[in-house]
Amino acid sequence: MLLRSGFCAFVSLLSLTSIILIIHLYSTKGAPSSDWIPDRITNHLPSQLTPHAADSNEQNCSSRIEWLERKDRPSPFQYARREITVRQNPTAKRTLLTKIEEPLFPNLQNVDLSADSSFPLEHCKESLILDVPIYSKEPVEASNIIFGIQTTMKRLDDTIDALVRWLATTRAKGAKLFVIVKESDEVEADKRAMKDLESKMRGRDLDVTLVPPFTGDTFSERYFSLVKIMYENRNDKTQWISLIDDDTFFPSMHSLVEMLAERDPEEQHYIGSLSEDWWSVSVYGLMGFGGAGVFLSMALAEVIDKNYAKCKEESDTTAGDIRVKECIYAHSNVKLTNIPELHQVDFKGDKSGYYESGHLPLSLHHWKDWSNDGVDFLLAKMHLVADVCGDCFMQRWQFGDDTVLSNGFSVATYPKGNLKDIDMERMEGTWDDGTQVQGSRNHGFDHSLGPARPRLSVGEKIQHMLLEAVTVDGGVRQTYLHEGTDGELDTILELFWKEEQPHDSQGDAKMPTSEQDADQPGTAEVIKDGQEKGINGSGEAVT
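Notes on the structure in this doc start here. (Residues numbered from 1 in each chain as written. Predicted model: local features only at pLDDT ≥ 70, side-chain atom pairs only at ≥ 80, totals over all residues. Heavy atoms only, no water.)

## Considerations on the overall build of the protein
For the protein, the helix and strand inventory stands at 13 helices and 24 strands. Considering only contacts in the protein between residues 6 or more positions apart, those separated by 24 or more positions represent 73%. (Helix = DSSP H or I, 4+ residues; strand = E, 2+ residues; numbered from the N terminus. Contact = heavy atoms within 4.5 Å.)

## Digging into the state of the cysteines
Considering all chains together, one arrives at 2 disulfides under this definition. Disulfide partner of Cys311: Cys327, at an S-S distance of 2.0 Å. Note on the Cys311 and Cys327 pair: the S-S dihedral is about 70 degrees, so by sign convention the disulfide is right-handed. Of this pair, Cys311 sits in helix H9 (residues 308-314) while Cys327 sits in helix H10 (residues 320-331), and the two are 16 residues apart along the sequence. Taking relative accessible area as the criterion, Cys311 reaches 5% and is therefore assigned buried. A sulfur-sulfur distance of 1.6 Å marks the disulfide that ties Cys389 to Cys392. Both residues of the pair, Cys389 and Cys392, belong to the buried class. (Disulfide = S-S within 2.5 Å. Buried < 20%, exposed > 50% of the residue type's maximum accessible area, 1.4 Å probe, protein only.)

## A look at H10
Spanning 12 residues, H10 covers 17 Å between terminal C-alpha atoms, matching the ideal 16 Å at 1.5 Å per step. All of the buried residues along H10 are Gly320, Asp321, Ile322, Arg323, Val324, Lys325, Cys327 and Ile328. (Expected span 1.5 Å × (residues − 1).)

## A closer look at the pattern of salt bridges
Here the idea is simple: oppositely charged side chains can pair when their charged atoms come close. This structure, assessed with the given rule, holds 28 salt bridges. Taking the shortest distance from any N to any O, the salt bridge between Lys228 and Asp305 comes out at 3.2 Å. With Lys228 in helix H5 (residues 219-232) and Asp305 in helix H8 (residues 298-306), this residue pair connects regions lying 77 residues apart in the sequence. In this pair, the class of Lys228 matches that of Asp305, namely buried. Residue Lys306 is joined to Glu302 by a salt bridge in which the shortest nitrogen-to-oxygen separation is 3.3 Å. Taken together, the residues span about one helical turn, with Lys306 and Glu302 both in helix H8 at a distance of 4 residues. If you follow the salt bridges from partner to partner, you end up with Arg82, Glu102 and Glu126 in one network. (Salt bridge = Lys/Arg side-chain N within 4 Å of Asp/Glu carboxyl O.)

## Structural notes on helix H6 (residues 253-261)
Of all the residues in H6, the buried ones are Met253, Leu256, Val257, Met259 and Leu260. For H6, the buried positions fall inside an angular range of 155 degrees around the axis, keeping them on one side. Along H6, the residues that are exposed and aim more than 90 degrees away from the buried face are Glu258 and Ala261. (Arc of directions from axis to C-beta.)

## Considerations on the packing of aromatic side chains
Enumeration over the complete set of coordinates arrives at 17 aromatic pairs. Geometrically, the ring pair formed by Tyr355 and Phe409 is stacked, given 5.1 Å between the ring centres and 10 degrees between the ring planes. Taken together, the positions of Tyr355 in helix H11 (residues 352-355) and Phe409 in the loop between strand E17 (403-406) and strand E18 (410-413) put the pair 54 residues apart, joining distant regions of the chain. A relative accessible area of 0% places Tyr355 in the buried class. On the basis of relative accessibility, which here comes to 3%, the residue Phe409 falls in the buried class. Ring centres of Trp431 and Phe445 lie 6.3 Å apart, and the angle between their planes is 75 degrees; this geometry places the pair in the edge-to-face category. Of this pair, Trp431 sits in the loop between E18 and strand E19 (462-472) while Phe445 sits in the loop between E18 and E19; the two residues are 14 residues apart in sequence, bridging distant segments of the chain. (Phe/Tyr/Trp six-rings, centres within 6.5 Å; stacked < 30°, edge-to-face > 60°.)

## A few points about a nonpolar patch on the surface
A cluster of nonpolar side chains, contributed by Trp279, Val283 and Tyr284, occupies part of the molecular surface with about 260 Å² of accessible area. Relative to the helices and strands, Tyr284 is located in helix H7 (residues 278-284). (Patch = residues over 30% accessible without salt bridge, like charges linked within 9 Å, V, L, I, M, F, W, Y side chains within 5 Å. Areas by Shrake-Rupley, 256 points an atom, 1.4 Å probe, with all protein chains shown as cover.)

## Considering the sheet that holds strand E15 (residues 336-338)
As summarised here, the arrangement of the 7 strands in space is E11-E10-E8-E12-E14-E13-E15, forming an open sheet in which the pairing is mixed. Each having just a single partner strand, strand E11 (208-211) and E15 make up the two edges of the open sheet. The sheet shows a mean angle of 25 degrees between the axes of neighbouring strands, taken without regard to direction. Here 2 bridges tie strand E13 (residues 270-272) to strand E14 (residues 294-297), and the two strands are oriented antiparallel to one another. Each bridged residue has a counterpart across the sheet, and for Tyr270 the counterpart in E14 is Leu296. Packing against the sheet, H5 makes contact with strand E8 (145-152), strand E10 (176-182), E11, strand E12 (240-243) and E14, and its axis sits at approximately 155 degrees to E8. Across the sheet, H10 is in contact with E12, E13, E14 and E15; its angle to E13 comes to roughly 150 degrees. (Pairing = 2+ DSSP bridges. Axes fitted to C-alpha atoms, helices over the stretch in contact; angles between N-to-C directions.)

## Quick look at unusual backbone geometry
Omega for the bond connecting Gly450 with Pro451 falls within 30 degrees of zero, at 0 degrees, which places this linkage in the cis form. Note on placement: Pro451 falls in the loop between E18 and E19. Here the phi dihedral of Asp205 falls at roughly 65 degrees; this positive angle occurs in a residue that is not glycine. Relative to the helices and strands, Asp205 is located in the loop between helix H4 (191-202) and E11. Judged by relative accessible area, which is 37%, Asp205 ranks as partly exposed. Here Val345, not a glycine, exhibits a phi torsion of approximately 55 degrees, which is positive. Its place among the elements puts Val345 in the loop between E15 and H11. Judged by relative accessible area, which is 0%, Val345 ranks as buried.

## Section: the packing of H5 against H8
Close contact between H5 and H8 brings their axes to 10 Å; oriented N to C, the two are set at 115 degrees. Handedness of the crossing formed by H5 with H8: left-handed. For the pair H5 and H8, contact is made by Phe224, Val227, Lys228, Tyr231 and Glu232 and by Met298, Ala301, Glu302, Ile304 and Asp305, respectively. Within the contact of H5 with H8, the residues separate by chemical class into 6 nonpolar, no polar and 4 charged. (Left-handed = near helix turned anticlockwise from the far one by under 90°. Nonpolar A, V, L, I, M, F, W, Y, C, P; charged D, E, K, R; others polar.)

What follows is the structure, given as structure tokens:
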């Protein structure tokens, strides 16, 4: 009897010790994930000890956003955030729209930074796992391409950050860039200043050479002379030369190199894209418009080089890309190979419908100081998320029935939940109407962007535009802003993108931010055709 009583006391003491240990663990700051506790124990814990998805990790649900103070954002404002874990999946496919049933963000909360930049999150959601196609972080072999630009010193300096995103040797191995520069259209650039700018760009891993223009060359002649300069600076590896503008941007160098690899560079090729504006096509002809990128095989570049003086004398145009076209059509039988994925972006006004279309263009143009509304698109920041998710820039995900993320551009909410009634395969016609060609039945941009769907009113769609994007602890933090009107508070939404690590699948991932922000990790499901699925539901994609 005494032995049995002692054994019972020992078991009771052991059980009490276990309970005390569990209580201690959950009263400690930074307590472990609920996954640590087996279900058979969790089911019998008192309610005040039962972990919940929203508050199981108090430390990871805290937030410090004092950096917003440096942006002079007025307080108070509404705020929400979410962590996204990117998982490479060999069966995943990029589609125009990937649907996920669950919401992207938790509920909004009011934040007042004038009181304290550190505050607890009232609503905290688990990390969302998004599957993306396999991508490589190795630089693409691009030693077969020479790029050429003609511009001013200031515009080139302002373009460095964007160039680094696609042309740096860490991204495009072996690619070279030649730039004809002037101080202005009337004033030659100082040679010392040219060397300084060249050194600055080389310090950013750009294989660049700055050169002065040929004496007496006009604007269009400087552009045309790039063909001669690049051809004379070719080497045994050179297969293509490309004429671009200082605001041409290639979101995926891997895709660009693959497009060129489909053609034989020993044959004569003239590759480019028509303008999206039908008036421009009607007036200037079927040619490669320069801002989208014009690519010439070495065999065709040789033709232009041999006829350079004659072509220069024969043409009286003020547009460099027209000079190139005229020389090719006059001295060869080659015609334009039109690549619609190369984009001139020849439309003004609100370009939201284009950037929110879900397409991944081979090139972008006119991303600075060209819109009627004066908006400059900070492509270096917009494109930053590609560092952690490959070709996910401008990719669209729909969350629930009222939110669409256009990655790197906007988070749009649809208050009426009317997404099911919108044809999301068509671009929203947010841009200004083009000049109508008399007698033409093609309406402005129908041949390129359309037919578009009607523009939505403010009450039908609320945009949160990218305000900031930075690299933090190996991940990328995006901040989207909707400025309130008529007394409404501003709304700030933040996404923290990170790549899946081996331990992430075990549910103990950390938020990649120096402020030690974190959400509790979660799971998502991928079905065979690569479409994402919500945590508790099915997904579908629009192709």
